[in-house]
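Letter by letter, the chains look like this.
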Amino acid sequence: MTTTSPVEKAGASTATYVDQRLGSNKFLSRNLGKVFPDHWSFMLGEIALYSFIVVLLTGVYLTLFFKPSMVEVVYNGSYVPLKGIEMSEAYASTLNISFDVRGGMLIRQMHHWAALIFVASMSVHMFRVFFTGAFRKPREFNWIIGVVLVTLGLGAGFTGYSLPDDLLSGTGLQIIRGIVQSIPVIGTWGAFLLFGGEFPGTDIIPRLYSLHILVIPGLILAMVTLHLMMVFTQKHTQFPGPGRTNDNVVGYPLMPVYMAKAGGFFFIVFGIIALIGGLVTINPIWIFGPFTPDQVSAGSQPDWYIGFLEGALRMMPNWETNLAGFTLSWNILIPAVIMPGILFTALGAYPFIEAWVTGDKREHHLLDRPRNAPTRTGLGVMSISFYLLLFVGGGNDIIADAFDLSINGITWFLRIALFVIPPLMFVFTRRICLGLQRRDRDKLLHGYETGRVLRLPHGEFIEAHEPLSIKDMAVITSKTDIAPLPVPPKADIDGVKNKQFRKQNLRSKLSHFFYGENIPLPSAAEIEAGQAHVAHDAALEAPLASYEDADELRQFHGGVLHHPGMPETNAEQLADRKE
Amino acid sequence: MTDLTTHGAHGSEPTRPGHLPVADVPHVLRVADTDPKAAKRVERQVSSMFLLSILLVVAFVVAYIGIDKSTVVYIPVFGEVGASTIALGLTFGASVLLIGAGAIQWAKKLMPDVEVVQMRHELVSPADETAEAAANYERGKEESGFARYKMIRRTMIGAMALFPIPLVIMLRDLWSSPVSGTLSPAEILSTTIWKKGERIVTDATYLPVRPEDLPVGGLVSAVPASLQEVQHLEGNLNARGKAAIILVRMDPDEIVSQQGDGWDYQGILAYSKICTHVGCPIALYEQRTHHLLCPCHQSTFDLANSGNVVFGPAARNMPQLPIGVDSEGYLIAMDDFSEPIGPSFWERSK
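So, here is what we can say about the structure in this document. Source: prediction; values computed, not measured. (Residues numbered from 1 in each chain as written. Chains lettered and ligands numbered in written order. Predicted model: local features only at pLDDT ≥ 70, side-chain atom pairs only at ≥ 80, totals over all residues. Heavy atoms only, no water.)

1. Description of the overall build of chain B
Short version of the rule: Runs of H or I in DSSP of at least four residues are treated as helices and runs of E of at least two as strands, each being numbered from the N terminus. Computation of the radius of gyration draws on C-alpha atoms, with the globule rule given as 2.2 Å multiplied by the number of residues to the power 0.38. Any two residues whose heavy atoms approach within 4.5 Å are treated as being in contact. Accessibility throughout is a Shrake-Rupley quantity obtained with a 1.4 Å probe, and a residue counts as covered only by protein chains that appear here.
Along chain B, the regular secondary structure elements total 10 helices and 14 strands. The globule rule puts the C-alpha radius of gyration for 350 residues at 20 Å, and the 38 Å found for chain B is more than 25% above it. With respect to the principal axes defined by its C-alpha atoms, chain B has extents near 105 × 80 × 50 Å. Summarising the internal contacts of chain B: among those between residues at least 6 apart in sequence, 57% fall at separations of at least 24. Accessible area of chain B: about 19,300 Å², with a carbon and sulfur share of 62%.

Listed below in structure tokens is the structure:
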């Protein structure tokens, strides 16, 4: 039945050749049919992976032309406005890539855009993983790797941003110097070792270059490999749906569907980055001019992913203490060192904190709907709002300029908002989640509201309900109700004091914080009764189906179905009834 | 959409509502599954995408050779852009995109869209394998004598702990003091090349400045006259990064205070240009309020009042440079700054 082409024959013999040496067919037999669940949000991680590949490819191309040197040269390329000006070789070679290498500008812009997309997609991917609880056992390690990858992504971005040695990137380095210098005890030496002396020196660009093209990408590559191996071993999580349980994976096999979709998607991401890189100018370093430590342009903005740090620096009050002849710069230390340190540590530790608080030791492969974990969702939205406020702070000058506002006013607003808005967001989000849970409960008990109002022969008005689809039923009933941990006893029945009381009590309180408010799923009997009720509605509505225009009437959601000769308004109806 | 008939036809209720075997989940056939004409149409769609991709690569090569790199075109929304970059980006991007679009259309329309099930296996190792691993470890421990030979164990741990030290120590010379290794970073940061009698010159043209060159309300960015020479000698921009100043002139009556008595010259004040927050150069000056605003983090300094901080994250006022004029009537520095300029650091005493 099957026909074999010469190419396939060659392929088969290659497979055999490799198999005899590596035993690779065992791997193929197990994995060509490996099932991958489908959901649009699973593409976010793919975008991160593919944009990283684009960054690597374009980056290698750029290394062929870029010269990481701070030796001063006189520019003599084809960009006329800078002709004859002294600048570092790094800047001159970046201009050369932009104006004298055909396609160089395209690759440079693709590299920059892909890097921005890389960090952005990692962040959004992380949101997905967080809000669906995909980080829970057994995937805690992979969450940590994810946090490390985001951090490395920021490092890769920042070191790359600094390389062209234009006025903007140099300003970024100047700020980094100030931050390093603020670290107590070792900061001054740290800055001198990093820059090879005072700022700017002549060492920083070659040093950042080796970090940017070797150390950081090497680490990212290693981490990405681990990340994917773990996804492969643990199998992908899946969203709840008909037939989907914690013990199975429902989706499409690797060969051919997933291969075509994921492989095709790589080309989509690559293609879109190339289109953006060709069409949309980014980081026009030729406008900023070469770096010099006594010049700066107004409206200096870092790449978006550094914005939150920039914002934190901008809105911090000017605290500095002098202790026995030594200076502690809280105004830099808190926003640029301590705050991000806490932020990323808390991010990495979150799965362990949640598991401890909730006492949850089960394996989870079926994703949570965010509404079914209101406290987690609230904490997530709270953190995002905190991050966004910092981010907004990073552009306070742009906002002040665009909206004609006072920059001091914006800064003061943000200083206060940073402590007021996130807790409010937590409360609002949790309320919304619980509201959605109530709605789900209603749907299980009463089916869908159709908006079709029926008047029954005895005058009663009802709104016809329809039963839930199989999919909705499965999705809604995937919720697990969890009781918070009980308050621990102070002593056991024999009166022996519970030495662990304080720890257990804290845990119980946190557990109540997590699970205390919950709208439990109705029991199976209640759901059944609800569905029976829905069936009753359907039976009442059945005679309508005999009308010629029944379909049209059904489409008319929110309207009222009138029998001919019925009162048209409420007033008429009332009068009718009074008679 | 709610499919009443399918749901109704299913009959018996599953154990947990909605949880039925995957095989029983209703599945709607696609047009291409039932209509061979539609399937043929999709086949044509997919292959024309691949064909177009091929043509675009040809177009890319043509554009690469044919378009001069300096040609500029105007495109609405995007503005003035390099024709070569646009053409290469469009042809390359679209050709790659079409490969992806074709593959996905193929997968979505022609490949089976019936979901399949695979069971997960518990990740935890079976008890006997864990026991075997533990036994192997015990045997290894016993055979090596790791537990018995205390001295070997301790010295080995010590040796392993110390082995990275040389690697770290060698990082020490990432920087060494240029003046025969005697100056510490803090000392270097504390001085600039300004000294008594050093002429003040403009930062771009290096021309000396006379007081009458600077009108009231004016601002000039300036550097020491010897800067070019020092820069040439040191081969870097370090001296410039510390010595850059701004000169502003105001009505002497408007000066509320300054950092030293008579440090101005007829209302001309010299301040460091390097922000005391994290070191951005500042030249945004509002002459009416005498405020100097840092473009990086918006620290604002009042130059009429000792360069004090009036807003923003900077903790210290801008250091002032005492100035005067020499016998030829040019502005000169009367001394170096009296405190380190730029961002704070640990060893700073004030």
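2. Quick look at the state of the cysteines
Residue and element names in this part refer to chain B. Short version of the rule: The disulfide criterion is simple: two cysteine sulfur atoms within 2.5 Å. Note on exposure labels: buried denotes an accessible area under 20% of the residue type's maximum, exposed denotes more than 50%, and partly exposed covers the range between, all computed with a 1.4 Å probe on protein chains only.
For the coordinates displayed, the defined rule picks out one disulfide over all chains. Each disulfide pairs two cysteine sulfurs, and for C280 the partner residue is C296, the sulfurs being separated by 2.2 Å. A torsion of -95° about the S-S bond marks the disulfide between C280 and C296 as left-handed. Residue C280 is found in the loop between strand 7 (268-272) and strand 8 (284-286), and its partner C296 is found in the loop between strand 9 (291-293) and strand 10 (300-302); the two are separated by 16 residues along the sequence. In this pair, the class of C280 matches that of C296, namely buried. Free cysteine: C294, not disulfide-bonded; nearest cysteine sulfur from C275 at 4.1 Å.

3. Observations concerning the pattern of salt bridges
Put simply, the rule is: Think of a salt bridge as a Lys or Arg side-chain nitrogen and an Asp or Glu carboxyl oxygen that are within 4 Å of each other.
On inspection of all chains with the given rule, the structure shows 30 salt bridges over all chains. With a shortest N-O distance of 2.9 Å, R314 of chain A and E310 of chain A are connected by a salt bridge. Here R314 of chain A and its partner E310 of chain A are both found in helix 12 (residues 307-315), four residues apart, which amounts to about one turn of the helix. Taken as a pair, R314 of chain A and E310 of chain A share a single burial class, namely buried. The residue E286 of chain B makes a salt bridge to R288 of chain B at a minimum N-O spacing of 3.8 Å. By relative accessible area, E286 of chain B is classed as partly exposed at 39%.

4. Description of the interface of chain B and chain A
What counts, and what does not: Simply put, the buried area is the total loss of 1.4 Å probe accessible area from both parts when two parts are fitted together.
Facing 90 residues of chain B, the contacting portion of chain A comprises 115 residues. Summed over both partners, the interface of chain B with chain A buries about 8,900 Å², with 64% contributed by carbon and sulfur atoms. Applying the counting rule to chain B against chain A returns five salt bridges. Note that D100 of chain A is salt-bridged to K69 of chain B, the shortest N-O span being 3.6 Å.

Shape is all these values report; function is a separate question.
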